[in-house]
Amino acid sequence: MRHKLIDLLEQSPVLPAAKDEDALRRALKCESRAVFLLGGDLLTIGQWVAMTHEAGKQAVVHLDLVAGLAPKEVAVDWLRQQGADGIISTRPHLIRRGRELKMLTVLRVFAIDSKAVGNLQKETEMVTPDVIEILPGTLPKVIEKLSKNLSIPLIAGGLMADKGDILSALQAGSMCVSTSDESLWEV
C-alpha cells in the first residue's frame, strides 16, 4: 500500500537534508513539503521535528544518524513519540518497525558494487520500504535499471554537485533527490 507522504515527496524534486539546526532553519524556508533530518541527538531531535511541523512540513528522521539512539526497534517507537513522520535507515529491521507504526520508511542503500545493487531486489522483498534512497545519487544508469526493476519509488541522494546531477537522476527514474547542498535546494 502506497504511503500518503509519497505524494508530498513527488511534489518536490529536491528534498532538503539538514545536518544541523542552522541548516534546518534554512531548509524550512524551502518550498519542499518534507525535510530529511540527518543529525541531532536525543536532546534535540524532538525540537527539530517540532520546528519542521511548525513550518508546515513533514519530518523524516535518519535514525542511524541521531546521536544516542541504538539500532533497536524501540528507537523507532521513540522517534514516533517525538512526532517524526518517517524514518530513514540502512537497517531492514528498523524499516519493518517503521512500517508497523505507519511511518514513511526510507531504506537507504549504498550502491557500492554490482553485488549491492543485485541484492536490492531480494532485500526489498523481505522488508518492503515505502521508498528506497540510492547513494550516490549520481549514478543514472543504476537508477534507471532499478527504477525499471523495482516497484518501489527511488530517491537519489549523495554527491549531488549541480543542477545537471539532479536532472540526470530525475530523468533516469528517480522520484526526487535529497541533498544537504543548500545551493541546490531551490533548483
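With that settled, consider the overall build of the chain. A tally of helices and strands in the chain yields eight helices and eight strands. Here the C-alpha radius of gyration of the chain, 15 Å, is about what a compact globule of 187 residues would show, namely 16 Å. In terms of its C-alpha atoms, the chain occupies a principal-axis envelope of roughly 40 × 35 × 25 Å. Counting every position in the chain, which comprises 187 residues, the buried fraction comes to 49%. Taking as baseline every contact in the chain between residues at least 6 positions apart, the subset at least 24 positions apart corresponds to 51%. Of the roughly 8800 Å² of accessible surface on the chain, 51% is carried by carbon and sulfur atoms.

Right, let's get into the layout of surface pockets. For the largest pocket, the calculated volume is near 260 Å³. Lining the largest pocket are M1, R2, H3, K4, R80, R99, L101, K102, M103 and D130. Residue composition of the lining of the largest pocket, grouped by class: three nonpolar, one polar and six charged.

Pairing is parallel in the closed barrel, where eight strands are placed in the order 1-2-3-4-5-6-7-8. Taken pair by pair, the neighbouring strands of this sheet meet at an average axis angle of 25°, ignoring direction. Where strand 7 (residues 154–157) and strand 8 (residues 176–179) come together, three bridges link them in parallel fashion. Note that in strand 8 the partner of A156 across the bridge is V177. Lying over the sheet, helix 6 (residues 114–127) contacts strand 5 (104–110) and strand 6 (131–135), oriented at roughly 160° with respect to strand 5.

Enumeration over the complete set of coordinates arrives at ten salt bridges. One salt bridge in this structure joins D7 and R2, with 2.8 Å as the shortest N-O distance. For the salt bridge of R2 with E10, the shortest nitrogen-to-oxygen distance reads 2.6 Å. Overall, E10 belongs to the partly exposed group, its relative accessible area being 41%. Through salt bridges with shared partners, one network takes in R2, D7 and E10.

What follows concerns the nonpolar core. Ranked by size, the top nonpolar core spans 47 residues in total, and within it L24, L37, I45, V61, L79, I132 and I134 carry the most contacts. In this structure L37 touches A18, L24, I45, W48, V49, T52, A59, V60, V61 and H62, once residues within four positions along its chain are discounted. Residues L15, F36, L104 and V106 belong to the second largest nonpolar core, which totals 17 residues.

With that settled, the discussion passes to the side chain of E133. The topology assignment puts E133 in strand 6. The exposure class of E133 is buried, given its relative accessible area of 0%. A polar contact of 2.9 Å, which involves the side chain of E133, links it to the side chain of R108. In this view, E133 contacts F36, I88, V106, L107, R108, V109, I155, G157 and S178; residues no more than four positions away in its chain are not counted.

Below, the discussion takes up the environment of E125. Mapped onto the secondary structure, E125 falls in helix 6. We classify E125 as exposed; its relative accessible area is 55%. Separated by 3.1 Å, the side chains of E125 and Q121 make a polar contact.

What counts, and at which threshold
Residues numbered from 1 in each chain as written. Predicted model: local features only at pLDDT ≥ 70, side-chain atom pairs only at ≥ 80, totals over all residues. Heavy atoms only, no water. Helix = DSSP H or I, 4+ residues; strand = E, 2+ residues; numbered from the N terminus. Rg over C-alpha atoms; globule rule 2.2 N^0.38 Å. Buried < 20%, exposed > 50% of the residue type's maximum accessible area, 1.4 Å probe, protein only. Contact = heavy atoms within 4.5 Å. Areas by Shrake-Rupley, 256 points an atom, 1.4 Å probe, with all protein chains shown as cover. 1 Å grid on protein atoms, 1.4 Å probe; cavity = no way out; pocket = protein on both sides within 12 Å on 5 of 7 lines; lining within 4 Å. Points joined across faces, edges and corners; volume = space filled by probe spheres on them. Nonpolar A, V, L, I, M, F, W, Y, C, P; charged D, E, K, R; others polar. Pairing = 2+ DSSP bridges. Axes fitted to C-alpha atoms, helices over the stretch in contact; angles between N-to-C directions. Salt bridge = Lys/Arg side-chain N within 4 Å of Asp/Glu carboxyl O. Core = buried A, V, L, I, M, F, W, Y, C linked by side-chain atoms within 4.5 Å. Polar contact = N/O pair within 3.5 Å; in protein donor to acceptor, adjacent residues only side chain to side chain.

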